[in-house]
2 protein chains.
Amino acid sequence: MPPQITPFFGMESQTLYTSYGNVIFMQEITGLELSPKKVEYLKFLFKKGELVRTTDISSQLGVDPSTSTKTLGDLAESGYVDHIPYRGVRLTDVGARYAEFLINRHNILSLMLTHYGLSSEDACEEASRFESFVSRSAVDRICSSMGHPTVGVCGKIGHVSCDIS
Amino acid sequence: MPPQITPFFGMESQTLYTSYGNVIFMQEITGLELSPKKVEYLKFLFKKGELVRTTDISSQLGVDPSTSTKTLGDLAESGYVDHIPYRGVRLTDVGARYAEFLINRHNILSLMLTHYGLSSEDACEEASRFESFVSRSAVDRICSSMGHPTVGVCGKIGHVSCDIS
DNA sequence: AAATTGTTTGGATAGATACCAAATATAAGA
DNA sequence: TCTTATATTTGGTATCTATCCAAACAATTT
């Protein structure tokens, strides 16, 4: 088994540090590191806060508990969550920070869509479908171009994760 | 082997008719019927026009020829292209119409992004990443909200495929 | 302690995408 | 035409994501 990769954030919130054994890598987060479903997991976990049970997640995301166990295992391996078997999962610091970005991204993109006549519901649904493929830099630019709105149609928008302020 | 599904367009271009044996289904096209890579294939084929060789496609899309042969097989099975073995592929009528929608979608989305300060190149790249997950109805609304622009940053925008005119 | 409920593991499947090596077809050169 | 070169396809395999089911296992409740 290779040394565990453990991502963590640096002072600048758009940078992610990763340790591999005793070597440290610094990398920009692109916003494209997680698959659509994993993005859903992280957003859900953040909204719940605290220790979340497998069944909570599986029922909320409409999948079998065994599916969520597996996915949570992946997220744990990547350092986004801590998994206490038979107890539940909790976001790590990195996971929570990353989830904040994910939620902001969702909120910014859905807000953007309402500017083109989509209803809040449609905008939200639409954004959920494609958001995982929108880069952080694009989101930053959209956000800044909209004047860093603090309220979206799907919730509040924070700006800790923004490049440009 | 089940009877071949053959999609074709009706008079209203946002509707797709599908025959299965002697039964005919009418279905709205959602814009979500093709995977990202298949969208690339169709857009490329449309831009080339005429019979396109497997190697053209594979070199352009940066994949092994065997990969493009397989993907083209899928597209042929779904009725978007005609494949003449060892000769090349050509879009069917349905494929060409669908590809027009795909190209419009790309152009509308990338144009939209430039309104938020993204460069043409970035907008194009960004749109390419997420466009497959944006529904036709959303594109229609964005298009109409932008006043049905005829020129985008990635090429001309037609409106045959638009719901609202 | 036994039964119920919640969780995990193992196995299997499916779709998307990809490559390689081998077989086959077409085209070009001699 | 025969041979060689090039293009294409086939078959096999792989990875990643996502899923489910059944069985094993842990925790909780009665």
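Preceding this paragraph is the structure being described.
Residues numbered from 1 in each chain as written. Chains lettered and ligands numbered in written order. Predicted model: local features only at pLDDT ≥ 70, side-chain atom pairs only at ≥ 80, totals over all residues. Heavy atoms only, no water.

1. What to know about the protein's contact with DNA strand C
So, point 1. Taken together, 21 residues form the shell around DNA strand C, and within it Thr54, Thr55 and His83 of chain A together with Ser35 and Ser66 of chain B come nearest.
So, point 2. By atom count, sugar and phosphate contribute 71% of the portion of DNA strand C lying within 4 Å of the protein.
So, point 3. The side chain of Lys70 of chain A places a nitrogen or oxygen atom 2.8 Å from a base oxygen of DNA strand C.
So, point 4. In the environment of DNA strand C, a phosphate oxygen lies 3.2 Å from a nitrogen or oxygen atom belonging to the backbone of Tyr86 of chain A.
So, point 5. Sorting the residues of the surface near DNA strand C by element identifies helix 2 (54–61) and helix 3 (65–77) of chain A together with helix 1 (36–48) and helix 3 (65–77) of chain B as the ones contributing at least two each.
So, point 6. Class assignment of the residues belonging to the surface near DNA strand C gives a composition of 6 nonpolar, 8 polar and 7 charged. (Near = heavy atom within 4 Å. Polar contact = N/O pair within 3.5 Å; in protein donor to acceptor, adjacent residues only side chain to side chain. Helix = DSSP H or I, 4+ residues; strand = E, 2+ residues; numbered from the N terminus. Nonpolar A, V, L, I, M, F, W, Y, C, P; charged D, E, K, R; others polar.)

2. Some thoughts on the packing of aromatic side chains
So, point 1. In the structure shown here, the tally under the stated rule is 6 aromatic pairs over all chains.
So, point 2. Plain terms: the ring middles of Phe133 of chain A and Phe133 of chain B are 4.3 Å apart, the flat faces sit at 5° to each other, and that makes the pair stacked. Of the two residues, Phe133 of chain A sits in the loop between helix 5 (120–130) and helix 6 (136–145) while Phe133 of chain B sits in the loop between helix 5 (120–130) and helix 6 (136–145), which places them in two different chains.
So, point 3. Through a chain of ring-to-ring contacts, the aromatic side chains of Tyr80, Tyr98 and Phe101 of chain A assemble into a single cluster.
So, point 4. Positioned above the aromatic ring of Phe101 of chain A is the side chain of Arg136 of chain A, whose terminal nitrogen or guanidinium carbon lies 5.2 Å from the ring centre. (Phe/Tyr/Trp six-rings, centres within 6.5 Å; stacked < 30°, edge-to-face > 60°. Lys NZ or Arg CZ within 6 Å of the ring centre and 35° of its normal.)

3. Focus on the protein's contact with DNA strand D
So, point 1. Not every one of the 20 residues close to DNA strand D is listed here, only the nearest: Ser35 and Ser66 of chain A together with Thr54, Thr55 and His83 of chain B.
So, point 2. Close to the protein, within 4 Å, the atoms of DNA strand D belong to sugar or phosphate groups at a rate of 69%.
So, point 3. In the model, a phosphate oxygen of DNA strand D is placed 3.0 Å from a nitrogen or oxygen of the Lys37 of chain A main chain.
So, point 4. Within the contact set of DNA strand D, a base oxygen lies 2.9 Å away from a side-chain nitrogen or oxygen of Lys70 of chain B.

4. With respect to the interface of chain A and chain B
So, point 1. Contacts between chain A and chain B engage 20 residues on the former and 20 residues on the latter.
So, point 2. Here chain A meets chain B over a buried area of about 1800 Å², counting both sides, of which 63% is carbon and sulfur.
So, point 3. Broken down residue by residue, the surface that chain A buries against chain B is led by Tyr116, Phe133 and Arg141 of chain A, which jointly contribute 38%.
So, point 4. Linking chain A with chain B are 2 salt bridges.
So, point 5. The salt bridge involving Arg141 of chain B is made with Asp122 of chain A; its shortest N-O contact spans 3.1 Å. (Contact = heavy atoms within 4.5 Å. Buried area = accessible area lost by both parts, 1.4 Å probe. Salt bridge = Lys/Arg side-chain N within 4 Å of Asp/Glu carboxyl O.)

5. Overview of the pairing of strand 4 (residues 81–84) of chain B
All names here are of chain B.
So, point 1. Taken together, the 4 bridges between strand 4 and strand 5 (residues 88–91) define a ladder with antiparallel strand orientation. By the bridge assignment, His83 is partnered in strand 5 with Val89.
So, point 2. Hairpin remark: strand 4 followed by strand 5, antiparallel, with 3 residues in the connecting loop; positive phi at Tyr86, about 65°. (Pairing = 2+ DSSP bridges.)

6. A word on the relation of the copies chain A and chain B
So, point 1. Between the two copies, chain A and chain B, the superposition gives an RMSD of 0.0 Å; the rotation angle is 180° and the shift along the axis is 0.0 Å. The relationship between the two copies is best expressed as a two-fold rotation axis. Rotation axis and chain A: the residue whose C-alpha lies nearest the axis is Phe130 of chain A, separated from it by 2.8 Å.
So, point 2. In this assembly, 100% of the residues forming the interface of chain A have copies in chain B that are likewise at the interface, indicating an isologous arrangement. (Least-squares fit on C-alpha atoms with pLDDT ≥ 70 in both.)

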